[in-house]
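Descriptive structure summary
Chain by chain, the residues run as shown.
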Amino acid sequence: MKKVMRILGNLVILLLLTGCGSMKTTTEGDAVENKNISTVSDYTGAKTTVQVVNVDLTKVFSMYPDLQEKNVGLGFAESVLDYLDETNRFEFTEEKSEIKERMVTQFKASKKGIFEEPIDGKGKIKAARYFVYVTIADFAVDEDETIEKGKAKVVVTTFIRLQVRFVNAETGQIYIGSGEGEAVKVGESFLKSLDNMSFSQSTVGKATRKSLETATTNVIEKLIKNGVFEN
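Calculation rules
Residues numbered from 1 in each chain as written. Predicted model: local features only at pLDDT ≥ 70, side-chain atom pairs only at ≥ 80, totals over all residues. Heavy atoms only, no water. Buried < 20%, exposed > 50% of the residue type's maximum accessible area, 1.4 Å probe, protein only. Helix = DSSP H or I, 4+ residues; strand = E, 2+ residues; numbered from the N terminus. Arc of directions from axis to C-beta. Pairing = 2+ DSSP bridges. Salt bridge = Lys/Arg side-chain N within 4 Å of Asp/Glu carboxyl O. Phe/Tyr/Trp six-rings, centres within 6.5 Å; stacked < 30°, edge-to-face > 60°. Lys NZ or Arg CZ within 6 Å of the ring centre and 35° of its normal.

Topic: helix H4 (residues 76-86)
Residues of H4 that are buried include every one of Phe76, Ala77, Val80, Tyr83 and Leu84, and no others. Take H4 and look down its axis: the buried residues cluster within an arc of 125°, on one side only. Following H4 by one or two positions, Asn88 adopts a phi angle in the positive range, close to 60°.

Overview of the pairing of strand S2 (residues 48-52)
The buried fraction of S2 amounts to 5 of the 5 residues, a majority that puts the element mostly inside the structure. Here S2 shows no split at all, with Thr48, Val50 and Val52 on one side and Thr49 and Gln51 on the other all buried. In the sheet, S2 pairs with strand S3 (residues 90-92) via 3 bridges, with the strands oriented parallel. Note on S3: the bridge partner recorded for Val50 is Phe92.

What about the pattern of salt bridges?
Across all of its chains, the model carries 2 salt bridges by this definition. The closest approach of N and O atoms between Glu221 and Lys35, which form a salt bridge, is 2.9 Å. Remark: Lys35 occurs in the loop between strand S1 (23-28) and S2 and Glu221 occurs in helix H6 (residues 201-225); sequence separation between them is 186 residues. In this structure Lys35 comes out as partly exposed when scored by relative accessible area, which is 32%. Note that Lys210 is salt-bridged to Glu213, the shortest N-O span being 3.5 Å. Taken together, the residues span about one helical turn, with Lys210 and Glu213 both in helix H6 at a distance of 3 residues. Its relative accessible area of 21% is what places Lys210 among the partly exposed residues. Here Glu213 falls in the buried class, since its relative accessible area comes to 9%.

Here's the deal with the packing of aromatic side chains
Under the counting rule described, the total for this entry stands at 5 aromatic pairs. Measuring from ring centre to ring centre gives 5.5 Å for Phe90 and Phe229, while their planes differ by 90°; the resulting arrangement is edge-to-face. Remark: Phe229 occurs in the segment after H6 and Phe90 occurs in strand S3; sequence separation between them is 139 residues. Residue Phe90 is classed as buried on the basis of its relative accessible area of 4%. Taken together, the ring pairs in this structure connect Tyr43, Phe90, Tyr130, Phe166, Tyr175 and Phe229 into an aromatic cluster. In this structure, Arg89 is placed above the aromatic ring of Phe229, and the distance from its NZ or CZ to the ring centre is 5.1 Å.

Right, dumping it as structure tokens:
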């Protein structure tokens, strides 16, 4: 009998040291107030020409290396372009230099009579009235772990604050809209390590999307307030 109890005791210790059992994770809703881009999308007036610019985030990544590791920030320009397009307020000019060079090459080729239909781009290319870019103002991942009756619970909260900036191409005046995104992921486990929850790709992605949508909505509201748009 003593031998059986000793075996059972060793087994329990082994389980505690190595970690086993079941684990489940759930993603909860946002913990901060967010805005929907649809609130500024009821617009039928004249459109404003903008250029969405990819900015260098090297300095930001040096402060928040987890963002670079998880490729957060690579789609900022594309995402804000989608949100702006949804509002029906803007026309967009190309930002990529290689595309612009191809346009110039095509104009030159047209002058030489290479194309069947001539292309005259002189004086027809629209200049951007505003340059638009996104920057990261703050980022944090908070982890809280509790253990009760052999059951571990880890709550990972991801927070990010983004700014969408409109820069007047003539005056340099800046309009800024900020947005915060927060997402919570909860993991529960019986005798199992939850170390891999320290950085959640799903929560940081969700927090980023909500932050960007809120920031875009806020900057458009500011443009309306300052008379750039009537409504």
